[in-house]
Amino acid sequence: MKKIISTLLAVILLASVMVMPAHAAVSSATIERAVQWAIDTANDDSHGYSQANRWGNPDYDCASFVISAFRSAGFELRNAVHCGNMKQPFIDEGFEWIPSSEIDLSTSKYLKRGDILLNTRSHTEIYIGDDMQVGAHDGTYDIFDYNDPGDSTGKEICPVKYNNWSNWEGILRYPAEDPIDIGDTFYATIVNNSTGKALTNDSNENCENRNVTIRSLTGEKNQLWKFEKRENGSYKISSVFNDLALDVTKAGTVAGTNVSVYFSNDKPAQQWNVYGEEGMYRLKPLCNQLALDVAPGDADGTNVRMGTDNNAASQYFSINKLSAPQSTYVECAPGTSFTQTALWWNMTLYTDAYDVEIYATAVSADEPYLTLADLKETYCQVELPAGEFKAVVYSKNVVGETKSINEVSFTVEKGTGYRVGDVDLDGDISVLDATQIQLYLAQFEELTFGQIELADTDKDNDVSILDATQIQLFIARLIDSL
């Protein structure tokens, strides 16, 4: 097996490649697929260097290797055969030719991952970032036996440190794509593709330690982000945990600048353009030409920073939108003024909690008579006075809330079988009933709605010390009835 010094993004290639027409707009993710094909093929020792069997049967030479890499990503590259004639087919499909007179090729400083290095007379390779290039070598680096199929040495097709030994005449580069629209306002997790870890706001409720790292996905609020599209097409990305915005620290412009969360200020350091395609997004702020990047390493707590925009695997993210909660269906078993009313509903997907709103329909259809908020269970029991009611349940998550499919209407009947004054419901009217009212008025005990009906002995729709006095007068036989 070959040993390659690089952190590489695993990409699943389609079994059948869809050919794109000339000048079709493609994203950086498409170029990344070509790069990954080249890396994967270099890692496969069944493919070596050969000019006789140069189209993957099983080997390649330098030109067939590069051409095949980009054909695997969907480019047609009609009539591209060798170094001498491959430049124009790439240009015909949207690549730009940048001659060496316009770009310093003595180092890799100005190269981007996916650039095609080309000398039309002799050689071509692909720059893959991190000062590395990959290609099928014809003896430039060593003397190999090319007669046997496959890569017997591990060096016939392999990544090597960037060099200009072939005197590159220039590079073929697919121009930077325009930022894309991924929606207006939504909530999502942001997961780095190369590590599988989620962008995490490390600050606390007091907004201290405002660093951003990657950590194993938990679904907690510090890993949930609100995207809000601005008029210029960029996004403000805010942490659901404390509403702080994803921010380039001090609007830095050099690779390695830290990324944190900060109080919203709508400055360019908090305005992010999104590039790429679903599952392979890149995030770039308006304050610099860098890309959101994950520093080397994949452990929980690995820092998030800005990196040179070179399509490195560590710069690709999945933006996983959260779904709105599903609607539930509510049912009811009405109680009486003495017994509780039971409500229950089915558990729904994407739901964190439920709100129950109960309306006294004879009083108001707009303002709830009773609200139970943030219930984790799928049932509740409530005490209600006699009357007509309706109930509705809302499923909630960070995205929003969804009203139940139905509103359940029900009637709470007056309790029967008890005499007015029998507040403690023991079947007898005694000084204990007067005491029960006094404890209620002193807020030491609660009474059900049915008990309140029985306690209102003077029929003034209010429970007061006068009602306790009425009971005492009745016990003393100073009045005949309650």
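Please refer to the structure higher up on the page.
Quick notes on the rules
- Residues numbered from 1 in each chain as written.
- Predicted model: local features only at pLDDT ≥ 70, side-chain atom pairs only at ≥ 80, totals over all residues.
- Heavy atoms only, no water.
- Helix = DSSP H or I, 4+ residues; strand = E, 2+ residues; numbered from the N terminus.
- Buried < 20%, exposed > 50% of the residue type's maximum accessible area, 1.4 Å probe, protein only.
- Lys, Arg positive; Asp, Glu negative; His and termini not counted.
- Salt bridge = Lys/Arg side-chain N within 4 Å of Asp/Glu carboxyl O.
- Contact = heavy atoms within 4.5 Å.
- Phe/Tyr/Trp six-rings, centres within 6.5 Å; stacked < 30°, edge-to-face > 60°.
- Lys NZ or Arg CZ within 6 Å of the ring centre and 35° of its normal.
- Core = buried A, V, L, I, M, F, W, Y, C linked by side-chain atoms within 4.5 Å.
- Polar contact = N/O pair within 3.5 Å; in protein donor to acceptor, adjacent residues only side chain to side chain.
- Axes fitted to C-alpha atoms, helices over the stretch in contact; angles between N-to-C directions.
- Parallel < 35°, antiparallel > 145°, perpendicular 65-115°, else oblique.
- Left-handed = near helix turned anticlockwise from the far one by under 90°.
- Nonpolar A, V, L, I, M, F, W, Y, C, P; charged D, E, K, R; others polar.
- Arc of directions from axis to C-beta.

(A) Layout of the side chain of D456. In this fold, D456 is placed in the loop between helix 5 (449–455) and helix 6 (465–475). It is K459 that comes nearest to the buried, bridge-free D456 among opposite-charge side chains, at 7.0 Å. Among all residues touching D456, those that are not within four sequence positions of it are N461, D462, V463 and D467.

(B) Representation of the packing of aromatic side chains in the model. What the rule picks out here adds up to 19 aromatic pairs. Geometrically, the ring pair formed by F70 and F90 is edge-to-face, given 5.5 Å between the ring centres and 85° between the ring planes. Of the two residues, F70 sits in helix 2 (residues 62–72) while F90 sits in helix 3 (residues 87–92), which places them 20 residues apart along the sequence. Judged by relative accessible area, which is 0%, F70 ranks as buried. Taken together through their ring pairs, the aromatic side chains of F70, F75, F90, F95 and Y174 make up a single cluster. Across from the ring centre of Y275, 5.4 Å away, lies the NZ or CZ of K284, which sits over that ring. The ring of Y359 carries the charged tip of K390 above its face, separated from the ring centre by 5.3 Å.

(C) Representation of the nonpolar core within the structure. With 34 residues, the main nonpolar core has F65, F70, M86, F90, F95 and I126 as its most contacted residues. Breaking this core down by element, the ones donating at least two residues are helix 1 (28–43), helix 2, strand 2 (116–119), strand 3 (123–129) and strand 4 (132–136). Core analysis: the next-biggest nonpolar cluster, separate from the first, contains 30 residues, I182, I214, L290 and V294 among them.

(D) The arrangement of the environment of E407 in detail. Examined against the element boundaries, E407 turns out to sit in the loop between strand 25 (400–403) and strand 26 (408–412). On the accessibility criterion, E407 (38% relative accessible area) is partly exposed. Only 3.5 Å separates the side chain of E407 from the side chain of K390, close enough to count as a polar contact. In this structure the side chain of E407 is engaged in a polar contact, spanning 3.0 Å, whose partner is the side chain of K403.

(E) The arrangement of the packing of helix 1 against helix 2 in detail. Following both chains from N to C, one finds helix 1 and helix 2 inclined at 130°, their axes separated by 7 Å at the closest point. Judged by the angle between their axes, helix 1 and helix 2 are oblique. The hand of the helix 1/helix 2 crossing is right-handed. Here I31, R33, A34, W37, A38 and T41 of helix 1 come into contact with helix 2, specifically with F65, S68, A69, F70 and S72. Looking at the contact of helix 1 with helix 2 residue by residue, the classes come out as seven nonpolar, three polar and one charged.

(F) Local environment of the pattern of salt bridges. Taken as a whole and judged by the stated rule, the model has 19 salt bridges. The shortest N-O distance in the salt bridge between K161 and D131 comes to 2.5 Å. One end of the pair, K161, is in strand 5 (residues 157–161); the other, D131, is in the loop between strand 3 and strand 4, with 30 residues separating them in the sequence. Owing to a relative accessible area of 55%, K161 belongs among the exposed residues under this scheme. On the basis of relative accessible area, D131 is assigned to the partly exposed category, the value being 23%. A salt bridge links K396 to D355, with the shortest nitrogen-to-oxygen separation between them at 3.2 Å.

(G) Seen up close, helix 6. Of the positions making up helix 6, those classed as buried are D467, A468 and I471. Down the axis of helix 6, the buried side of the element spans an arc of 100°, and every buried residue falls inside it. Packing partners of the buried residues in helix 6 comprise helix 4 (431–441) and helix 5. Downstream of helix 6 by a residue or two, R477 has a phi angle that is positive, lying close to 60°.

(H) Summary view of the packing of helix 4 against helix 6. The interhelical angle for the contact between helix 4 and helix 6, taken along N-to-C directions, is 170°, at an axis separation of 9 Å. Comparing the axis directions of helix 4 and helix 6 gives the class roughly antiparallel. Between helix 4, through V431, D433, A434, I437, Q438 and L441, and helix 6, the contact on the second element is made entirely by I465, D467, A468, I471, Q472 and I475. The residue inventory of the contact of helix 4 with helix 6, partitioned by class, reads eight nonpolar, two polar and two charged.

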